[in-house]
Amino acid sequence: MAVHPVRQAPDPVLSTKTKRVTKIDAKIKNLIEDMFDTMDAEHGVGLAANQIGVPLRIAVIAIPATEEDPEERYVLINPEFVKKGGERIIGEGCLSVAGYRGMIKRSEWVKVKALNAEGKAIRLKAEGLLAQALEHEIDHLDGLLYVDRLKEQGALETLQKIEAPEPVEA
Ligand code: CO
């Protein structure tokens, strides 16, 4: 178990498309533990393996508890979108672009397939923060930062410097 430094843009590992995991062995399980440790230390809602310098297709997500629901934690190995739909504009930040936030266009809902930490095939249907985190992390695994999406969307002018870290970064 270890907390790793989070790579900051423009570190090339962040713009590298990650490789699919072919075998979930002890090394991968240790990596997943380190990803949770790092995400928790940085108070993130998600983290992709390349954010700690490992170009493999693995992401972790932790959706904070609400009054009604306990915290939800996810391990996603080789995640892919099955479908997505709708559109909304929401605030977003990234642990690898520290000190900034922007207003991004994201889907309203997504369906994702992946393997869990035990190698079992899982499917998630998500909306709200989980859908946003899934889009953000899968972008990371494809070598894309939310700032690249803002550029694509012509919304770079929404990027703002923030004083203190926001609670929702991934
Ligand atoms: Co991020």
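Above this text is the structure in question.
Attention in this report is confined to the structure presented alongside it. (Residues numbered from 1 in each chain as written. Predicted model: local features only at pLDDT ≥ 70, side-chain atom pairs only at ≥ 80, totals over all residues. Heavy atoms only, no water.)

### Examining helix H1 (residues 26-41)
Between its first and last C-alpha, H1 extends 22 Å over 16 residues, near the 22 Å set by a 1.5 Å rise per residue. Of the positions making up H1, those classed as buried are Ile28, Leu31, Ile32, Asp34, Met35, Phe36, Thr38 and Met39. At the exit of H1 stands His43, carrying a positive phi of roughly 55°. (Helix = DSSP H or I, 4+ residues; strand = E, 2+ residues; numbered from the N terminus. Expected span 1.5 Å × (residues − 1). Buried < 20%, exposed > 50% of the residue type's maximum accessible area, 1.4 Å probe, protein only.)

### Here we look at the packing of aromatic side chains
Tallying each qualifying case throughout the model produces zero aromatic pairs. Above the ring of Phe81, the side-chain terminus of Lys84 is found at 4.0 Å from the ring centroid. Geometry around Trp109 places Lys125 over its ring, the cationic atom sitting 5.2 Å from the centre. (Phe/Tyr/Trp six-rings, centres within 6.5 Å; stacked < 30°, edge-to-face > 60°. Lys NZ or Arg CZ within 6 Å of the ring centre and 35° of its normal.)

### Considering a positive patch on the surface
Together, Lys83, Lys111, Lys113, Arg123 and Lys125 give the surface a local cluster of positive charge. For the positive patch, the elements supplying multiple residues, two or more each, are strand S6 (109-115) and strand S7 (121-127). Structurally, Lys125 is set in strand S7. (Patch = residues over 30% accessible without salt bridge, like charges linked within 9 Å, V, L, I, M, F, W, Y side chains within 5 Å. Areas by Shrake-Rupley, 256 points an atom, 1.4 Å probe, with all protein chains shown as cover. Salt bridge = Lys/Arg side-chain N within 4 Å of Asp/Glu carboxyl O. Lys, Arg positive; Asp, Glu negative; His and termini not counted. Charge placed at Lys NZ, Arg CZ, Asp CG, Glu CD.)

### Topic: a negative patch on the surface
A surface patch of negative charge is lined by Glu67, Glu68, Asp69 and Glu72. With respect to the helices and strands, Glu72 occurs in strand S3 (residues 72-85).

### Description of the nonpolar core
Judged by nonpolar contacts, the single largest core of 18 residues is most densely connected at Ile32, Met35, Leu47, Ile58, Val60 and Val75. Listed by contribution, the elements that provide at least two residues to this core are H1, strand S2 (58-63) and S3. If one sorts the elements of this core by residue count, H1 sits on top with six residues. Setting aside residues no more than four positions away along its own chain, Leu47 makes contact with Val6, Met35, Thr38, Met39, Ile52, Ile58, Ala59, Val60, Leu95 and Glu137. Core analysis: the second largest hydrophobic core is formed by 14 residues, Val110, Ala126, Ala133 and Ile138 among them. (Core = buried A, V, L, I, M, F, W, Y, C linked by side-chain atoms within 4.5 Å. Contact = heavy atoms within 4.5 Å.)

### A few points about the sheet that holds strand S8 (residues 160-161)
The three strands are arranged S4-S5-S8 in an open sheet whose pairing can be described as antiparallel. Single-partner strands in this sheet number two, and they are strand S4 (88-92) and S8. Along the sheet face, helix H2 (residues 128-141) touches S4 and strand S5 (100-106) and points at about 70° away from the line of S4. (Pairing = 2+ DSSP bridges. Axes fitted to C-alpha atoms, helices over the stretch in contact; angles between N-to-C directions.)

### Observations regarding the sheet that holds strand S1 (residues 46-48)
Ordered in space as S1-S2-S3-S6-S7, the five strands form an open sheet in which the pairing is antiparallel. Edge positions in the open sheet fall to S1 and S7, since each of these has one partner strand only. With strand direction ignored, the average angle separating the axes of adjacent strands in the sheet is 40°. Strands in contact with H1 are S1, S2 and S3; relative to S2, the strand with the most contacts, it is inclined by about 40°.

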